[in-house]
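Spelled out from the first residue to the last, the chains are:
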Amino acid sequence: MKRTILIAAALVACVLCKAETIKGSDAKVSYIGRIEITDDKAVSFDWSATTLRLKFKGKNLVMACSSTKKDYLNLWIDGEQKAIEDKVIKVAGDTIITLFTSKAKKATEHTVILQKRTEGEQGTITIREFTTDGQFLQAPAPKPRLIEFIGDSYTCGYGTEALHRSDPFRPEEENPARTYADILARMYGAEAVHISHSGRGVVRNYGDYGEGEHMVKLYAQTFDQFKADAWSPTYEPNLVVIYLGTNDFSVGKQPSLAIWCAYYKKLLQKVREFHGPKVPILCLASPCDELMDDYVQAAVERCGLANVHFASILPGCYRMDDEDLGASWHPNYNGHRKIASVVAPFISSIMGWELPVWFNE
């Protein structure tokens, strides 16, 4: 019996010696979005759609992580990011999550992609460690193009998975992978960075909630909600798309045109400060109000900056019923596909990128 126990212990030790653990900030993990490396070499972030990728050879993969509240992640295994994820993972408090497990006799190579579904006010995620029974490989290379999207609930994916426009918002039904932003990124083979927060505007927020916490301020931060540390650019987009204004016009009010243009210029100047004068900026006008086109176009014309463009998403682009709407009258995946189809030609014209003749997911 004693010999059997010793042999079993030796086998366990052998298995453990083959296992590999890496910190969240290890170079074998690649991130798309705004992140912060903590003192213990973990990685924290709270912006919606922040994405990480890693590759390993083994039969299982475990992640040690935490959320300050309750967050949800999209998971894809051995495939590209698409509108439909392989699995949704909930992160609440400190937790250890098995991301992959296989009963195969032989270890094989696998690629894992994780994307934050929920936005900043739903929590901050910290990735502490990854462990596999095999070994970690070189991090997958990012896509050759990158688009930064600055927006509100539409860009976050608020209510995209709800079945009816009258449904209330539920955090677990928020999904940036099904937004116009990610759809456009996939159309052009690009990474997508979302700097977005539901209810936020350029000058004022929905119903004047959170006065001063508008996107002009939040855009300059590493974190949306966790803390107001200034962000130092760590990525260089090929294009920046701004889709804001619906909340500025909420509850029957809007700022004066002069104030709107002044604040919009501040946002454009911050984009220029971060990314330089050569990066094109596309400013979208939502169909929320008949004045929205005039406001966004005036902001573009008065800003005094080169390479800033205007496009309009006209009323009737998508249906105002359950076919195209999710929770609280926000677009569902079908509605977001229609928005993306309107914006795509403008991107092709500005960037010289070929317009996909047919795009099906």
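Here the structure is shown first, and the text comes after it.
By convention here, each chain's residues receive numbers from 1 onward along its written sequence. Per-residue local features of the predicted model are confined to residues with pLDDT of at least 70, and side-chain atom pairs are confined, for both listing and counting, to 80 or more; whole-chain, interface and lining totals are unaffected and use all residues. To get the side-chain values, take all heavy atoms of the structure and skip hydrogens and water.

Draft legend 1. Representation of the side chain of Asn175 within the structure. Counting through the fold element by element, Asn175 comes out in the loop between helix 2 (153-156) and helix 3 (180-187). Think of it in three bands: with a 1.4 Å probe and only protein chains considered, a residue is buried below 20% of the maximum accessible area for its type, exposed above 50%, and partly exposed in between. On the basis of relative accessible area, Asn175 is assigned to the buried category, the value being 0%. Whenever a nitrogen or oxygen atom comes within 3.5 Å of another N or O atom, the pair is scored as a polar contact, on the condition that within protein one atom can donate a hydrogen and the other can accept it, and that pairs from neighbouring residues in sequence are kept only if both atoms are in side chains. In terms of polar contacts, Asn175 uses its side chain to reach the side chain of Glu85, at 3.4 Å. We call two residues contacting when some pair of their heavy atoms lies within 4.5 Å. In this view, Asn175 contacts Asn74, Ala83, Glu85, Gln115, Arg117, Cys156, Gly157, Thr160 and Glu161; residues no more than four positions away in its chain are not counted. What counts as a helix is a DSSP run of H or I of at least four residues, what counts as a strand is a run of E of at least two, and both are numbered from the N terminus.

Draft legend 2. View of the nonpolar core. One finds Ile150, Ile242, Trp260, Tyr264, Leu268, Ile281 and Cys283 to be the most contacted residues of the largest nonpolar core, which totals 38 residues. Those elements giving two or more residues to this core turn out to be strand 11 (145-151), strand 12 (190-196), helix 4 (215-218), strand 13 (239-243), helix 5 (257-275), strand 14 (281-285) and helix 6 (292-302). Tallying contributions element by element places helix 5 first for this core, with seven residues. Aside from chain neighbours lying at most four places away, what touches Ile281 is Val240, Ile242, Leu268, Val271, Arg272, Asn307, Val308 and His309. Grouped together as the second largest cluster of nonpolar side chains are 31 residues, Tyr154, Leu184, Leu282 and Ile347 included. Residue types Ala, Val, Leu, Ile, Met, Phe, Trp, Tyr and Cys, when buried and joined through side-chain atoms within 4.5 Å, form a set referred to as a nonpolar core.

Draft legend 3. Structural detail: the environment of Asp167. Mapped onto the secondary structure, Asp167 falls in the loop between helix 2 and helix 3. Each C-alpha atom of the pair Asp167 and Leu325 lies 10.0 Å from the other, and the pair is 158 residues apart in sequence. Discounting residues that sit within four places of it in the chain, Asp167 has contacts with Ala162, Ala327 and Ser328. At 3.4 Å, the side chain of Asp167 and the backbone nitrogen of Leu163 are in polar contact.

Draft legend 4. Here's a closer look at the packing of aromatic side chains. Only Phe, Tyr and Trp rings are paired, with Trp represented by its six-membered ring, and only when their centres lie within 6.5 Å; those with planes under 30 degrees apart are stacked, over 60 edge-to-face, the remainder tilted. By the definition in use, this model includes 14 aromatic pairs. An angle of 90° between the planes, with centres 5.3 Å apart, marks the rings of Tyr180 and Tyr243 as edge-to-face. Taken together, the residues span a long stretch of sequence, with Tyr180 in helix 3 and Tyr243 in strand 13 at a distance of 63 residues. Each of the two residues, Tyr180 as well as Tyr243, counts as buried. Among the aromatic residues, those joined into a cluster by ring pairs are Phe149, Tyr154, Tyr180 and Tyr243. Distance and angle both matter: a charge sits over a ring if NZ of Lys or CZ of Arg is within 6 Å of the ring centre and within 35 degrees of the ring normal. Sitting above the plane of the Tyr219 ring, Arg34 keeps its charged end 4.8 Å from the centroid. The ring of Tyr263 has Lys266 sitting right over it, with the charged end atom 4.7 Å from the ring centre.

Draft legend 5. Representation of the pattern of salt bridges. By convention in these notes, a salt bridge is any Lys or Arg side-chain nitrogen within 4 Å of a carboxyl oxygen on Asp or Glu. According to the stated counting rule, one finds 24 salt bridges in the structure shown. Lys28 is the partner of Glu20 in a salt bridge, and the nearest nitrogen-oxygen pair spans 3.5 Å. Of the residues examined, Glu20 reaches a relative accessible area of 21% and is grouped as partly exposed. With its nearest N and O atoms 2.9 Å apart, the salt bridge here joins Asp71 to Lys116. Linking Asp71 in strand 6 (residues 60-77) with Lys116 in strand 8 (residues 108-116), this pair joins segments that are 45 residues apart in sequence.

Draft legend 6. Representation of helix 6 within the structure. Of the residues making up helix 6, those classed as buried are Met292, Tyr295, Val296, Ala298, Ala299 and Val300. Looking at the buried side of helix 6, the elements it contacts are helix 5, strand 14 and strand 15 (308-312). Where helix 6 terminates, the next one or two residues include Gly304, which has phi positive at roughly 75°.

Draft legend 7. Seen up close, the packing of helix 3 against helix 7 (residues 333-351). Under this scheme, a helix contributes an axis fitted over its contacting stretch, all axes are lines through C-alpha atoms, and angles between N-to-C directions fall in the 0 to 180 degree range. Across the interface, helix 3 lies against helix 7 with an axial gap of 8 Å and an inter-helix angle of 50°. Judged on the interaxial angle alone, helix 7 and helix 3 are oblique. Regarding helix 3 and helix 7, the two cross each other, and that crossing is right-handed. Mapping the contact onto sequence places Tyr180, Ile183, Leu184 and Met187 in helix 3 and Tyr333, His336, Arg337, Ile339, Ala340, Val343, Ala344 and Ile347 in helix 7. Residues of the contact of helix 3 with helix 7, tallied by class, amount to 10 nonpolar, one polar and one charged. Each angle is binned into one of four classes, with values under 35 degrees roughly parallel, values over 145 roughly antiparallel, values of 65 to 115 roughly perpendicular, and all other values oblique. It is the rotation of the near helix from the far one that decides the hand of a crossing: anticlockwise by less than a right angle makes it left-handed, clockwise makes it right-handed. Throughout, the ten residues Ala, Val, Leu, Ile, Met, Phe, Trp, Tyr, Cys and Pro are labelled nonpolar, Asp, Glu, Lys and Arg are labelled charged, and all others, Gly among them, are labelled polar.

Draft legend 8. Unusual backbone geometry, seen in detail. For Ala49, which is not a glycine, the phi torsion comes out positive at approximately 75°. Of note, Ala49 is situated in the loop between strand 4 (43-45) and strand 5 (51-58). Residue classification places Ala49 among the buried residues on the basis of a relative accessible area of 1%. A positive phi angle is found at Asp208, which is not glycine, with a value near 65°. Relative to the helices and strands, Asp208 is located in the loop between strand 12 and helix 4. The exposure class assigned to Asp208 is partly exposed, which follows from its relative accessible area of 37%.

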